[in-house]
Each structure stands twice: as C-alpha cells, then as structure tokens.
Amino acid sequence: MCGRFTLRTPATVLIEHFDLDVRGDRQLPLFEPRYNIAPTQEILVVRNDPADGQRRADMMRWGLIPSWSAGPKAGSGPPMINARSETLAEKPMFRSAVRRRRCLIPVDGFYEWQQSASGARGKKQPFFIHRPDDGPFAFAGLWEIWTSPSGPSSGPGPLTIESCTIVTTEANATLSELHERMPVVLAPCDYNTWLDSKVEDPVALRHLLAPCGEEELVAEPVGTHVNRVANDDPRCVEIQRSLF
C-alpha cells in the first residue's frame, strides 16, 4: 500500500519529466517541495486536458470520493487512498474511473513501516523508498469529481471536489519484507498509454499494473520524525543507519 510519500523535485525537473504544459507563474506553487504527504491532503496530479490533449498539473484531494457517494463526511470508514489493481474493473468504487479518469501521481519517494527487529510492541521502523538516483517517477492514479446535491451555505453554485487514489499491486522482492503491497510505478514510456482516454478496456492496461523491477527502487531506514504528519521537512528523509 502507500500511506505517505514525498515530492521534493524542483519544478523545472518535474515539468520536463512529465512534459507538462504549465501556463504562467501562477502554477509554480503547485510544485513546492513536500516531505510528508498524507491522506486527505491536496496532492499534485497529472492528466490530459480533454480540449487539446496536453498534460496539465492540478491539485486533488488524496482519498477517492465517487461521484455517486453522499460525500466526504458521509461515512465513517477511512479515505480510499489506495485501489487494488486486481479488482479495478469490478469494484463500483473504481470501475468507471479506470476506464475514463486515469492520472499520474508524481512522487520521488514513499514511506513504509516495518515491525522493529527487537520485537518491541508497537515499535515500527520507517523506511524511505526511492529511486537509486533519487529522481522523480509516477504512481498510477485514478480520479473522480464529486458534486454536492445542493449548493454550500455560502457562495454561488454547488460544491465540487476532485479526488484521487493510488493504484497498488503485489510487492516486488525488494519491498515484500516491508509490506505485501506496493504502488504501481509506471515507466515513463507508459505514461501516454495510462493517460489515453481512448483506451477504455481495463484488459488493455493490465500489463502496466505489474510490480516494477527489483532494481528500480531502494529502501532505506529513516527516523521516526516522519511518523508525525505535521512534520513536513528534510528531516523526514534523513537516513538512519542504526535500526530500532
């Protein structure tokens, strides 16, 4: 699974890597460095503009809210931050989005927690997982737009929320000791296919949803500073050579 991630890469590198059509300086705040991105926060996503097919960067709530749901506060369950790749075409929560509303979620690392070697109850060692060159990459994502049945108490028009989820798959050998699941990491050569709205058959996308190669990511231990969501600074990714 994926419950926290980072995006610290400079804007110029992200714009080039994702071939983004960025219009004016007003979009630059979207690319501010973040070290501890958590569920329900606004996160950067990349999708094709339906008008001209160019890739655009937008912000969305992390935690999918289906268009047919009663809204973000209706249920008591956790936010739908992950979607299992094996059942995307079957689950009502995801089957429409996987056909028509796919996106890239830019990252340059994510976190996973492992029970400490000492066996201390409740003590878990956080690991930071990233590319060997620390460069950016993309998770496969799905997005939805939810519109309130009536307008908000103040302001014209109904309330709308765009939200997203990260697609997960079986963990590769490198990460399986930390968790049985991992995010789907897309190769840059597959970005166009994942974003192509003309590809509606989930079967045509199945080959993209396998675990990435074992050499593509490394996992390194970091300190417990990352455990607190409010901590969003470089200390989150400082490597800790001595485990708990």
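Everything below is about the structure shown above.
In this text, all values refer to a predicted model and were calculated from it rather than measured experimentally.

> What is the right way to look at the overall build of the chain in this model?
In terms of helices and strands, the chain carries 3 helices and 13 strands. Relative to its length of 244 residues, the chain is compact, with a C-alpha radius of gyration of 18 Å against a globular reference of 18 Å. On the principal axes, the C-alpha backbone points of the chain span a range of 55 × 40 × 40 Å. Expressed as a percentage of its 244 residues, the buried residues of the chain come to 45%. For the chain, long-range pairs separated by at least 24 residues make up 69% of all intrachain contacts whose partners lie at least 6 apart in sequence.

> Is there a simple way to think about unusual backbone geometry in this case?
Comment: phi is negative for the bulk of residues other than glycine, and the bulk of peptide bonds are trans. Unusually for a residue other than glycine, aspartate 19 sits at a positive phi of about 55°. In this structure, threonine 40 takes a positive phi of about 75° despite not being glycine. One can find threonine 40 in the loop between β2 (34-37) and β3 (42-48).

> Would you explain the packing of aromatic side chains in this entry?
What characterises a pair of aromatic rings is the spacing of the ring centres plus the angle enclosed by the ring planes. Following the criterion strictly, the structure yields 7 aromatic pairs and no others. With a centroid separation of 5.1 Å and an interplanar angle of 65°, the aromatic rings of phenylalanine 5 and tryptophan 62 are classed as edge-to-face. Of this pair, phenylalanine 5 sits in strand β1 (residues 5-7) while tryptophan 62 sits in strand β4 (residues 55-62), placing them 57 residues apart in sequence. The exposure class assigned to phenylalanine 5 is buried, which follows from its relative accessible area of 1%. Using a relative accessible area of 0% as the deciding quantity, one classes tryptophan 62 as buried. Ring geometry for tyrosine 111 and tryptophan 113: centres 6.2 Å apart, planes at 45°, overall tilted. What makes tyrosine 111 buried here is its relative accessible area of 1%. On the basis of relative accessible area, tryptophan 113 is assigned to the partly exposed category, the value being 22%. Clustering of aromatic rings is evident, with ring pairs tying together Phe5, Trp62, Phe110, Phe137 and Phe139. One Lys or Arg, arginine 47, reaches over the ring of tryptophan 143 and ends 4.4 Å from the middle of that ring.

So, how was this worked out
Residues numbered from 1 in each chain as written. Predicted model: local features only at pLDDT ≥ 70, side-chain atom pairs only at ≥ 80, totals over all residues. Heavy atoms only, no water. Helix = DSSP H or I, 4+ residues; strand = E, 2+ residues; numbered from the N terminus. Rg over C-alpha atoms; globule rule 2.2 N^0.38 Å. Buried < 20%, exposed > 50% of the residue type's maximum accessible area, 1.4 Å probe, protein only. Contact = heavy atoms within 4.5 Å. Phe/Tyr/Trp six-rings, centres within 6.5 Å; stacked < 30°, edge-to-face > 60°. Lys NZ or Arg CZ within 6 Å of the ring centre and 35° of its normal.

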